[in-house]
Amino acid sequence: MTEPNPTLRLKGIVKTFPGVRALDGVDFDVRPGEVHALMGENGAGKSTLMKILAGVYHPDEGQIFIDDRPVVIRSPIEAKEHGITLIHQELSLAEEMSVAENIFLGELPRKKWGFVDWKTLDERVGTILQKLNADWGPRTRIGSLSIAKQQMCEIARALTHSAKIVVFDEPTASLTDAEKVVLFDVIEDLKAEGVGIVYISHRMEEIFKITDRISVLRDGSYRGTLNTRETDEDEITQMMIGRSLELHRRNIEHAEEGEEVLSVEGLSCGRLFQDVSFTVKAGEIVGFYGLVGAGRTEMAETLFGLRRPTAGKIRLAGEEVHIGSPSEAIEKGISLVPENRKEQGLVLGMNCRDNITLPQIDDLTAGPFVANGAEVAIYDMYRDRLQIKAPTWRTLVGSLSGGNQQKIVIGKWLSMKPRLLIVDEPTRGIDVGSKSEIHKLLRELAHQGYAIIVVSSEMPEVLHVSDRIIAMHNGRITRTFSADAVTEEDLIQAISGLTSDKAA
Amino acid sequence: MAALVGRLGNGDLKGLIARNGIFIAFVVFMIAFGIGVDRFLTFQNLENVVKTTAIIGVIALGVTVVVLSGNLDLSVGSMLSFGTVMVVDLHDKIGPGAGILVMMIAVLALGAVNGLLIGFLRLNSLIVTLGMLSAIQGLTLIYSGGKNVDIDPSTQDTTWFRVFGRGEIAGVDMPIIIFFALAVVIGMIVAYTPYGRRVYAVGGNPTAAVFSGIRRNRVVFSTYLVSAFCVGIASIILGSRVMGSQNTVGQGYELLVLAGVILGGTSLLGGSGSILKTVIGVLILGFIQNGLLLLGYPFFAQWIVTWVVIILAVWLDVAAKRGRLLSPIA
Amino acid sequence: MADITATQDGSGANRFLHWIIHHPIWAFVVIVFIFFSVMNEHFFALGNFKNILIQASTLGLIALGMTLVMINGNIDLSVGAVVALAASLTVDIMGWPMFEGWGNWQILPGVLAGLAAGVLLGALNGFIVWKTGVDAFIVTLGAMLGVRGLVFVYTEEQSFFAMNFAYSDFGASSLVGLPTLALIFLVFTALVHILLSRTVHGSNTYAVGDNREAAVNAGIRVGPHMMINFMIVGFFAALAGITLSTQMGASTPNLGTNFELWVITAVVLGGTKLTGGAGSIIGTFGGVLAIQILRNGMNLMQVPAFWVLVILGSILIGVLFLDKQLNRKGAEELRL
């Protein structure tokens, strides 16, 4: 069997950042007309590899071949010249500009004197949009489109010029099913034209539906390539995490349930979420599960005083409260570990100790000054308890790994000794090891009598840590499950709004 | 773990140089000028430099607090004109004590306007203080009717008001004492109190500060009061030293002050820097001016040197943080 | 930038409404125009309109370049100093003995030197921003001091006077019934408008300011692009310095002090965002006119100049406040 020569071949790519070997001898190739999946846990090196292809990073060792010729890619411009197109996961769009300008950003058709050839542009974009079944025009302001539609425009960039290689980085993260179908059609077309496609995704069903081969990275090293038809999910998962998955194991050890800590009745906030009612008892973890935009995070932010509810009641230990700001929430014993630790959770340029003590700094004083000893004591306590790995408390938080950063945020809020702990996406972007540590920690905290709300988009996580699971869809609670009785199918149905019968 | 420590160790060393580059530069600079320029390292000369720097220095202390919280204050120059004109004008009308009091209240009120607009209404600080620069300059001219003001020459040598600009304690000029005393007080507040910690947090990451229960609006508001307070003190020194004032005496100060703050190494993005750095930054500006004059260069040659020094200082700072000299932009 | 408005629908009135929503400064221009026309008999006169345009030309020219730089997400604080440098160079060089025999042509080397100085300093600012990655605010703040220092050192703090009267006559001359300086301003306004709205460079100007990373990813050479815009604003600052000195027949080392503040005020009034990515020459033109009509009208009404400062400052802040209020997302907003 003769294989066509690969369009793109990476050989022995090594990339180190100060002290970290992000990529350690990665081999990878893409043949013309092939869809090649690249898989791996967060932090496995996929994005570093992609940035090398894009010319943002430069490999320390190894070579890149395009059509068997060795090339050096020094910048995104050169990547483009070599026929490599990247479709970014994080939208790379100029919001104020039109759809057409965004799709052709950096390669607008020109007339004489550097004038933009609007006519050609509109025609070409019109054709592309038609192919994408778009119901919006080339002159629409891209910032006014929904995220999914913006993502489709991002994808449209793959069609602007004759690319040899198109890299899709998590393209379906925010797409609806109908749009996915369009995307897969686009990929089929590109395949038929002989374009080599790199497809990065976490979603197994997509991988097995559209790819020809699968390559796996783990901790920056290359673990092998398999033909999609000859493998299955379990094998891939094992390659990715180095052991078999145990995430399906449920949490069965319920803690002793205590007093009702929080009771929410008919809580609404404009169009974000409506009529949300639930209770949380001491010693209990309630998991909130739903798609992005279902209103879970917004609900948590409302409980923390960051949004003003438009209707409904919040009771803490039976007493009705109004929470006007985070500082009021903190006074009332609520802590929120936010969704985005870098933007919301941490002051990256501050040291570990100062970050942990920030919410209670007013109480840690000796005279007018901050009491150094008290602060260090708090830091030491949570460093030991959460096994935070940082050289000293003076280390800037920005230089810690994601897992340790998350532990700092959790430590910060545990040290407030809250009655109610809300944790939003506790393990997003964290390596597998830290993930299970944090899950274990959450269970322990429940056993110690904390009332905990966990908001998560990852089903295994919700299944693993919760005593009860509340599914949300489109700003409303669709169903509530007890952890013992829930099935994955039920959960998926509940969060996609397929059934809305309220079973207990 | 080893890799982690390795990375941090490396970063710490770089960070150490980045954080303290200004001190090293200061020492090198002083030694070089001390060797190269006669009469530079004499007590007389050094005292003279610090004295002339004191007014910019005092204002820079307040502006540093504003910048640490992630904002700008371009209105300090015209606020200085306003304060000086007012305190000088009121001296003869209602007496020095009452004059100082009224002026301080007026200046703090202007600071409060800045603070309300930027802290509570969340308007862009560059534009707001730019607008205030213009508005306060106008107010000053309206107040004075466009005329220069001065203190009655017959009382100039007898009023106790002269102490702030012309007095001395134990042979040290009063402006120097005020500058350093204020630097110590504000420096301690910023570095060692919960308030200071909140300022750094708001400047470092305003969103995370709010998520940590810090009332960001109040913090930002308060920094403009600190800034206005410092301008008030500077107005007293300036008015007392000159015993009179032009309407536009503070014009351009906002940028000289900012130059000193930046040169010291306080980041305009907020959250990083210190009062000590600002003091050194302002002093370096003063010594550049003095050294060049002693070397016989024209007065304004200092601005050309300042241009180069500011860009080099910030460039090195930025380069140390990103780990490479040149920007990665193509 | 592409004309995003849906032009096919709606009547003329509708289109006007749409247009005014995008350029609210023009509503303000119309209001102050009507106000002063009613309040002062001398305001509504062709001669006065010409005056306004001449007075507006200095700030206006610089504002054209500043608009590009600010849409890029940068800023240039050194324009005022460049005004003084270009004016001083031009007036000084044309008086050099070596050009004595050139007749009126002696003006040319002076003007070329002045413009070249502006473009070069712009290039220097842009190059530093590009290569060092230091924020444009700091780079041009340094240049503002440094270039002003150059001016003082070069001129030895003296004013220069233009000995060739053709130079100062130029400042008062007319062409096709319009003052030449006003004409220069209008022509360049049209040119920069076309550059910004119809060319690839113009599109890229928005893209770089809107999302610099996206522009880099898309293969736009962001560094050289920004440098070109700094050169353009340098050119316009120099040109403004030269036209200003033709009006005075002289240059002073203090020329252009605070111009950066006025120009930024005009550009922001015209709707350009400080963070970049949005703005237009039509808006900037409106902003410049608004300032100049106010100054002119208040001057005619014998309002002391002090009040203009207060009113301008208040308007600047007021515009910012209105913009903020109009862009609120409402009650659901995250309260940070």
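Residues numbered from 1 in each chain as written. Chains lettered and ligands numbered in written order. Predicted model: local features only at pLDDT ≥ 70, side-chain atom pairs only at ≥ 80, totals over all residues.

An unreviewed UniProt entry annotates chain C as ABC transporter permease originating from Stappia sediminis. UniProt lists a comment for chain C under the heading Subcellular location (unreviewed entry), and it reads "Cell membrane". (UniProt positions renumbered as here; feature names shortened; annotations may be inferred.)

Chain B is annotated in an unreviewed UniProt entry as ABC transporter permease from Stappia sediminis.

What follows is about the packing of helix H4 (residues 79–93) of chain C against helix H11 (residues 222–248) of chain C. Packed helices, taken two at a time, are described by the angle between their axes plus the distance between the axes. Residues and elements named next belong to chain C. Across the interface, H4 lies against H11 with an axial gap of 7 Å and an inter-helix angle of 55 degrees. On the basis of the axis angle, H4 is oblique to H11. As H4 packs across H11, the resulting crossing turns out to be right-handed. Note on element contacts: H11 touches H4 through Val 233, Gly 234, Ala 237, Ala 238, Ala 240, Gly 241, Ile 242, Leu 244 and Ser 245, opposite Val 79, Val 82, Val 83, Ala 84, Ala 86, Ala 87, Thr 90 and Val 91. (Axes fitted to C-alpha atoms, helices over the stretch in contact; angles between N-to-C directions. Helix = DSSP H or I, 4+ residues; strand = E, 2+ residues; numbered from the N terminus. Parallel < 35°, antiparallel > 145°, perpendicular 65-115°, else oblique. Left-handed = near helix turned anticlockwise from the far one by under 90°. Contact = placed C-beta atoms within 7 Å.)

With that settled, the discussion passes to the sheet that holds strand S13 (residues 285–290) of chain A. Residue and element names in this part refer to chain A. Taken together, the six strands give an open sheet; going across it, the order is S16-S19-S20-S13-S21-S22, and neighbouring strands pair in mixed fashion. The open sheet is flanked by strand S16 (334–337) and strand S22 (476–482), the only strands paired with a single partner. Along the sheet, successive strands turn relative to each other by an average axial angle of 20 degrees, direction set aside. Direction of pairing for strand S21 (residues 468–473) relative to S22: antiparallel, over a ladder of six bridges. Pairing of Ile 469 across the sheet is with Phe 481, part of S22. (Pairing = 2+ DSSP bridges.)

Size of an interface: often given as the accessible area lost when the parts come together. Contacts between chain B and chain C engage 44 residues on the former and 43 residues on the latter. Only helix H5 (125–144), helix H9 (206–211), helix H11 (253–264) and helix H13 (301–322) of chain B provide two or more residues apiece to the side of chain B that touches chain C. Here the side of chain B that touches chain C gets 14 residues from one element, more than from any other, and that element is H5(B). In terms of residue class, the side of chain B that touches chain C is made up of 34 nonpolar, nine polar and one charged. (Nonpolar A, V, L, I, M, F, W, Y, C, P; charged D, E, K, R; others polar.)

For the rest of this paragraph, the subject is unusual backbone geometry. Unlike most non-glycine residues, Glu170(A) shows phi in positive territory, near 45 degrees. Backbone geometry places Ala170(B), a non-glycine residue, at a positive phi of 50 degrees. Along the chain, the position of Ala170(B) falls in the loop between strand S2 (168–169) and strand S3 (172–173). Its 5 C-beta neighbours within 10 Å are what place Ala170(B) among the exposed residues. (Buried ≥ 20, exposed ≤ 12 C-beta atoms within 10 Å, placed from the backbone.)

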